[in-house]
Amino acid sequence: MPQDLTALLNSMDPALRAQVLKMFASVSQAVTVAEIETLLTAGRIQEAIDLTIPKSEVFAAAWVTAYIEVGTATGAWLSSETDIQVVFDQINQRAVTAMQNNSLRMVQGLNQAQRDATREALLDGIRHGVNPRQAAIQVRQSIGLTARQVRAVNNYRRALEQGESRALTLALRDKRFDRTVARSLRTGGSLSPAQITKMVNAYIRRQIKYRAEVIARTEALRSVHEGNEEMLRQAIEDGVITAEQLTRTWNTALDTRVRDKHITMQGQERPYGEPFVDQVGNLLRYPGDPLAPASTVISCRCVLSNRISLSVPSGLEISANIR
């Protein structure tokens, strides 16, 4: 039975997304505003920042599990197609290095992103002269966000406080509040602090959900294609198949959300080992390639099809597809 990489990707995406949300929630639940306020008041800024760092090792471990699962699935597919027992060697030095490097990349990236977000929250507090408690609230609210998202949250809060119409233009706002905001704008009234807090918290939740989706989709894509790539490479090295038997095809999601850089990649075919080329000349080994620029891999929804031509005793050839 053909291995469907799209199905694997779609099953791993929500699982990794749940892990991201759980990771951020566990940090947020473990730290209180009072703890952060105490540290800020004492000038222990670095300690306050450290409180917000997520336990990203858990998410990295989930990525490794997905990587191994895909490699194992690819091995099972190859076994069924070639009648040769193919087992994914997860202690292969190259595979081990890939898992270690990706784990380190994710841990460092997530931790640094949180440090940047927390510093942005603190700088915003300094710029606007908020008291230590309000600064502590903003720091706690930064957990799970990027620095850019922290700025978006603060801009939304001030638009609500100052009665600015741009509060109704932000894509991730909770539109259930639009009627209340529009009425206050129309009448010249002000929203209460409680109303603003409720709206801002809803906006933060949506920002975190969006970020979790981006992280999960990007990392699921990488784990699926790297695990698949490693098993195929092991099979070639073991003589199960040859590189010449393998043809790879790039498939986009074929909808209006496909990024411009990838539209021209639909249907691109490459022999094993030759990279694909996006619209502006970036080279990609596979969707989500960590060596490619972020602009061409983040939130990518493309997937590779791998076709293996197998010789049979009659001298004919059969083609097996892995997608």
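Along each chain, the written sequence defines residue order, and numbers are assigned to residues from 1. Side-chain atom pairs in this predicted model are given and counted only at pLDDT of 80 or more, local residue features only at pLDDT of at least 70, and totals for whole chains, interfaces and linings cover all residues. Only hydrogens and water are removed before side-chain values are computed, so all heavy atoms of the structure are retained for them.

Engineer: Would you take a moment to explain the overall build of the protein for this structure?
Structural biologist: What counts as a helix is a DSSP run of H or I of at least four residues, what counts as a strand is a run of E of at least two, and both are numbered from the N terminus. Helix and strand content of the protein: 10 helices and 6 strands. For the C-alpha atoms alone, the extent of the protein along its principal axes is close to 85 × 45 × 30 Å. Relative accessibility under 20% of the residue-type maximum defines a buried residue, over 50% an exposed one, and the middle range a partly exposed one, all with a 1.4 Å probe and only protein chains included. Within the protein, buried positions represent 48% of all 323 residues. Expressed as a percentage of contacts within the protein between residues at least 6 apart in sequence, the contacts between residues at least 24 apart total 69%. When checking whether two residues touch, look at their non-hydrogen atoms; a contact exists if any pair is within 4.5 Å.

Engineer: Sorry, what's going on with the confidence of the model for the protein here?
Structural biologist: In predicted models, pLDDT denotes the confidence assigned by the predictor to each residue on a 0 to 100 scale. Mean pLDDT over the protein: 92, with 95% of residues reaching 70 or higher. Residue range residues 312–320 is modelled with pLDDT below 50. Its contacts to residues more than four positions away, or to other chains, number 17 contacts.

Engineer: Where do I start with the packing of aromatic side chains in this structure?
Structural biologist: Each pair of aromatic rings is reported with the distance of its centres and the angle of its planes. Classification of ring pairs rests on two measures: the distance between centres of Phe, Tyr or Trp rings, Trp counted by its six-membered ring, which must be within 6.5 Å, and the angle between planes, read as stacked under 30 degrees, edge-to-face over 60 and tilted in between. Inspection of every chain in the model, using the stated rule, returns 4 aromatic pairs. Taking 5.4 Å as the distance between ring centres and 15° as the angle between the ring planes, the aromatic pair formed by Trp-63 and Tyr-67 counts as stacked. With a gap of 4 residues between them, Trp-63 and Tyr-67 both fall in helix 4 (residues 56–82), about one helical turn apart. Per residue, the accessibility class of Trp-63 equals that of Tyr-67, and both read buried. An aromatic cluster is present here, built from Trp-63, Tyr-67 and Phe-88 joined pairwise through their rings.

Engineer: Looking at this structure, how should I read the nonpolar core?
Structural biologist: One broad trend across soluble globular proteins is that nonpolar side chains are buried collectively. Within the largest apolar cluster, 85 residues are counted, with the highest numbers of intra-cluster contacts made by Phe-59, Tyr-67, Leu-78 and Leu-160. When residues of this core are assigned to their parent elements, the largest contribution, 16 residues, is made by helix 9 (residues 193–237). Not counting residues up to four positions away in its chain, the partners in contact with Leu-160 are Ala-167, Val-181, Leu-191, Ile-196, Met-199 and Val-200. Definition used in this section: a nonpolar core is a set of buried Ala, Val, Leu, Ile, Met, Phe, Trp, Tyr and Cys residues joined via side-chain atoms within 4.5 Å.

Engineer: Is there a simple way to explain the packing of helix 4 against helix 5 (residues 93–127) in this structure?
Structural biologist: In helix packing, the relevant descriptors are the interaxial angle and the interaxial distance, both defined with respect to the helix axes. Whenever a helix is involved, its axis is fitted only over the stretch in contact; in every case the axis is a line through C-alpha atoms, and angles between N-to-C directions fall within 0 to 180 degrees. The interhelical angle for the contact between helix 4 and helix 5, taken along N-to-C directions, is 145°, at an axis separation of 9 Å. When you trace helix 4 past helix 5, the crossing you get is right-handed. On the side of helix 4, the interface is formed by Ser-56, Glu-57, Phe-59, Ala-60, Trp-63, Val-64, Tyr-67 and Ile-68, while helix 5 contributes Ala-95, Ala-98, Met-99, Asn-102, Ser-103, Met-106, Val-107, Leu-110 and Asn-111. Under the grouping applied here, Gly and all other residues not named as nonpolar or charged are polar, the nonpolar ones being Ala, Val, Leu, Ile, Met, Phe, Trp, Tyr, Cys and Pro and the charged ones Asp, Glu, Lys and Arg. Classifying every residue of the contact of helix 4 with helix 5 by side-chain character gives 12 nonpolar, 4 polar and 1 charged. It is the rotation of the near helix from the far one that decides the hand of a crossing: anticlockwise by less than a right angle makes it left-handed, clockwise makes it right-handed.

Engineer: Teacher, can you tell me more about the pairing of strand 1 (residues 246–251) here?
Structural biologist: Residues in a regular strand project their side chains so that they alternate between the two faces of the sheet. When you tally the buried positions in strand 1, you get 6 out of 6 residues, the bulk of the element. Burial along strand 1 is two-sided: Leu-246, Arg-248 and Trp-250 and Thr-247, Thr-249 and Asn-251, pointing in opposite directions, are all buried. The sheet contact formed by strand 1 and strand 2 (residues 269–271) spans 3 bridges and is antiparallel. Residue pairing in the sheet places Thr-249 in a bridge with Glu-269 of strand 2. Two strands pair under a simple rule: DSSP has to find at least two bridges between them.

Engineer: Got a minute to help me understand helix 7 (residues 147–161) in this structure?
Structural biologist: Think of an α-helix as 3.6 residues a turn; residues three or four steps apart then line up on the same face. The end-to-end C-alpha distance of helix 7, which contains 15 residues, comes to 21 Å, matching closely the 21 Å that a straight helix rising 1.5 Å per residue would cover. Those residues of helix 7 lying buried are Ala-147, Gln-149, Val-150, Val-153, Asn-154, Tyr-156, Arg-157, Arg-158, Ala-159 and Leu-160. Buried residues along helix 7 sit against helix 5, helix 6 (132–141), helix 8 (178–187) and helix 9. Note on helix 7: the residue one or two positions beyond its end, Gly-163, has a positive phi of about 65°. What a helix is expected to span follows from its residue count: subtract one and scale by 1.5 Å.

Engineer: Where do I start with the side chain of Glu-229 in this structure?
Structural biologist: Among the structural elements, Glu-229 can be located in helix 9. The definition of a polar contact used here is a pair of N or O atoms within 3.5 Å, where within protein one atom must be able to donate a hydrogen and the other to accept one, and adjacent residues in sequence count solely through side-chain atom pairs. Side-chain polar atoms of Glu-229 contact the side chain of Arg-248, separated by 2.5 Å. If near-sequence neighbours (up to four positions away) are discounted, Glu-229 is found in contact with Arg-248, Tyr-272 and Tyr-286.

Engineer: Would you mind showing me how to read the environment of Arg-233 here?
Structural biologist: Along the chain, the position of Arg-233 falls in helix 9. Note: C-alpha distance between Arg-233 and Leu-8 (225 residues apart in sequence) is 19 Å. In contact with Arg-233, not counting residues within four places along its chain, are Arg-94 and Tyr-272.

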